[in-house]
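Structure at a glance
Next come the chains, spelled out residue by residue.
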Amino acid sequence: MYNVVRTSELRARGVQSRCIRDAKDCCLLALTQGMYSVIARCSNLRHGAIAEFITDEAWIHRVVEQTDPESGRPRFELLDMFEKLRVASYPHYRFDDVIWGVSAAFVHDLPLHRPPRGKVFIAHPKKRHNSADVSRTSKTVPEADVVRIGKMSLTSPIRTAFDLIGQLGEPEGFVALERCLRRSAFGSDEGADEAARFGYPPDTLGLAELCIAEDFMPVLGRLSKGQARAQRLLSSAGPLSESYAESRFVYNLMQLRLTGFSQQVRIRDGHTVIARVDFLHEKSRTIVLIDGFSKYADNGVRLIRKEVRQFNRLLELGYRIVRLSFDEVTHLEECATKLFGQAPQLRAFIAPRKRSGARQSRT
């Protein structure tokens, strides 16, 4: 599958090193040292022997479809697939190696924003090693937090989300925790999408609390460090964020200590539902809408016209509407500037900063 081929196989067919180097800018994708994927059926006669390794035509078509025709750059979903393939095809896993962090996140389809690419991240109880292909960390992963997919041993999705907090920072770890919680509550991404289309069950938040107690807390208890920070982030995670950007906004609310927001709220005009909004602050009559990457490109003019009608009716009902772009929610200060600039009344709902026990005792 995926036209994966080793250097030894290429050389056995008479493909020399110079040809391999030349093909890497054309039809050959370097995965790790000695491992490649044929991603195009090119017209270069010197690469004819490489084309003989194409056994998965669907992979060739997928690469073409997910590459921007103007810039020639792979789209994000294709870049993520390259990383999965890099992890799956690495030929030198050792006994007790466990794929973790970013690499495990790619395999589990956890959302990441501008993640590091090009390396396989591995945990091993004793060995440490860094190269152009691999970052092997001395790290013990409890057996209960390890899953096996094919020849790979990797951290479970929930353990991966917790590990991302330390590896990439709180925002990435929080987004991953929310995605895992959403999957736990609805069974899968498909189940969550179906709930989003047809309406979230009234017991969704209660179900999420049960999932946290049964699925997340045991994993958190096995963390060797960072439990307090992980607990703080988990306490703010919910199952209702439908995108990376919405999860980042929830994280921003936590950082800003801004209280009173609800997610995925249906707003009615009498008995008629006008709209389901991403975030609603009922006391200040403030609506926050998060614009995704491809929302309008995917749905076109019809969606724009529908939202304009909804927008106007909500304004007539006295709501203040703040629209935030993806870039704005991924930069805390930009988000705060726009949010409080357009809805200054929200400042009245900032929770007081918690003081440490020592400071409280002195006051």
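Look up: the structure comes first, before these words.
The shown structure was predicted, so the numbers you read here are calculated from the model rather than taken from an experiment.

Read from one edge of the open sheet, four strands run β10-β11-β12-β13, paired in mixed fashion. If you trace the sheet from one side to the other, it starts and ends with β10 (261–269) and β13 (320–324), each paired once. Strand after strand, the sheet turns through a mean of 45 degrees between neighbouring axes, direction not considered. In terms of strand pairing, β10 meets strand β11 (residues 272–281) through eight bridges, oriented antiparallel. The partner of Arg266 across the bridge, within β11, is Arg276.

What follows deals with empty space enclosed by the protein. Under the defined criterion, the tally for this structure stands at one cavity of 30 Å³ or more. Its boundaries defined by the atoms lining it, the largest cavity holds a volume of some 50 Å³. Lining the largest cavity are Pro111, Val175, Glu178, Arg179, Arg182, Ser241, Glu242, Ser243, Tyr244 and Ser247. Breaking the lining of the largest cavity down by element, the ones donating at least two residues are α8 (170–186) and α12 (244–256).

Attention shifts here to the packing of α8 against helix α11 (residues 227–236). Two measures define how a pair of helices packs: the angle their axes make with one another and the distance between the axes. For the pair α8 and α11, interaxial distance at closest approach is 10 Å and the crossing angle is 50 degrees. Viewed along their axes, α8 and α11 adopt a mutual orientation that is oblique. Once α8 is placed against α11, the crossing between them reads as right-handed. Contacts between α8 and α11 involve Glu170, Phe174, Leu177 and Glu178 on the former and, on the latter, Arg229, Arg232, Leu233, Leu234 and Ser236.

Here the focus is the sheet that holds strand β1 (residues 4–6). With antiparallel pairing, three strands are arranged side by side in an open sheet as β1-β3-β2. The open sheet is flanked by β1 and β2 (28–32), the only strands paired with a single partner. For this sheet, the mean angle separating the axes of adjacent strands, direction not counted, is 35 degrees. The sheet contact formed by β1 and strand β3 (residues 35–38) spans three bridges and is antiparallel. By the bridge assignment for β3, Val5 is matched with Tyr36. Along the sheet face, helix α5 (residues 76–89) touches β1, β2 and β3 and points at about 55 degrees away from the line of β2.

For the rest of this paragraph, the subject is the pattern of salt bridges. Under the defined criterion, the tally for this structure stands at 21 salt bridges. The closest approach of N and O atoms between Arg41 and Glu57, which form a salt bridge, is 2.3 Å. On the criterion of sequence distance, the pair formed by Arg41 in the loop between β3 and α3 (48–51) and Glu57 in helix α4 (residues 57–65) is long-range, its members being 16 residues apart. A relative accessible area of 48% means that Arg41 is categorised as partly exposed. In this structure, Asp97 and Arg136 form a salt bridge, with 2.8 Å as the shortest nitrogen-oxygen distance. Here Asp97, found in the loop between α5 and β4 (98–99), pairs with Arg136, found in strand β7 (residues 134–138); they are 39 residues apart in sequence, far enough to count as distant. The same class applies to Asp97 and to Arg136, which are both buried.

What counts and what doesn't
- Residues numbered from 1 in each chain as written.
- Predicted model: local features only at pLDDT ≥ 70, side-chain atom pairs only at ≥ 80, totals over all residues.
- Heavy atoms only, no water.
- Pairing = 2+ DSSP bridges.
- Helix = DSSP H or I, 4+ residues; strand = E, 2+ residues; numbered from the N terminus.
- Axes fitted to C-alpha atoms, helices over the stretch in contact; angles between N-to-C directions.
- 1 Å grid on protein atoms, 1.4 Å probe; cavity = no way out; pocket = protein on both sides within 12 Å on 5 of 7 lines; lining within 4 Å.
- Points joined across faces, edges and corners; volume = space filled by probe spheres on them.
- Parallel < 35°, antiparallel > 145°, perpendicular 65-115°, else oblique.
- Left-handed = near helix turned anticlockwise from the far one by under 90°.
- Contact = heavy atoms within 4.5 Å.
- Salt bridge = Lys/Arg side-chain N within 4 Å of Asp/Glu carboxyl O.
- Buried < 20%, exposed > 50% of the residue type's maximum accessible area, 1.4 Å probe, protein only.

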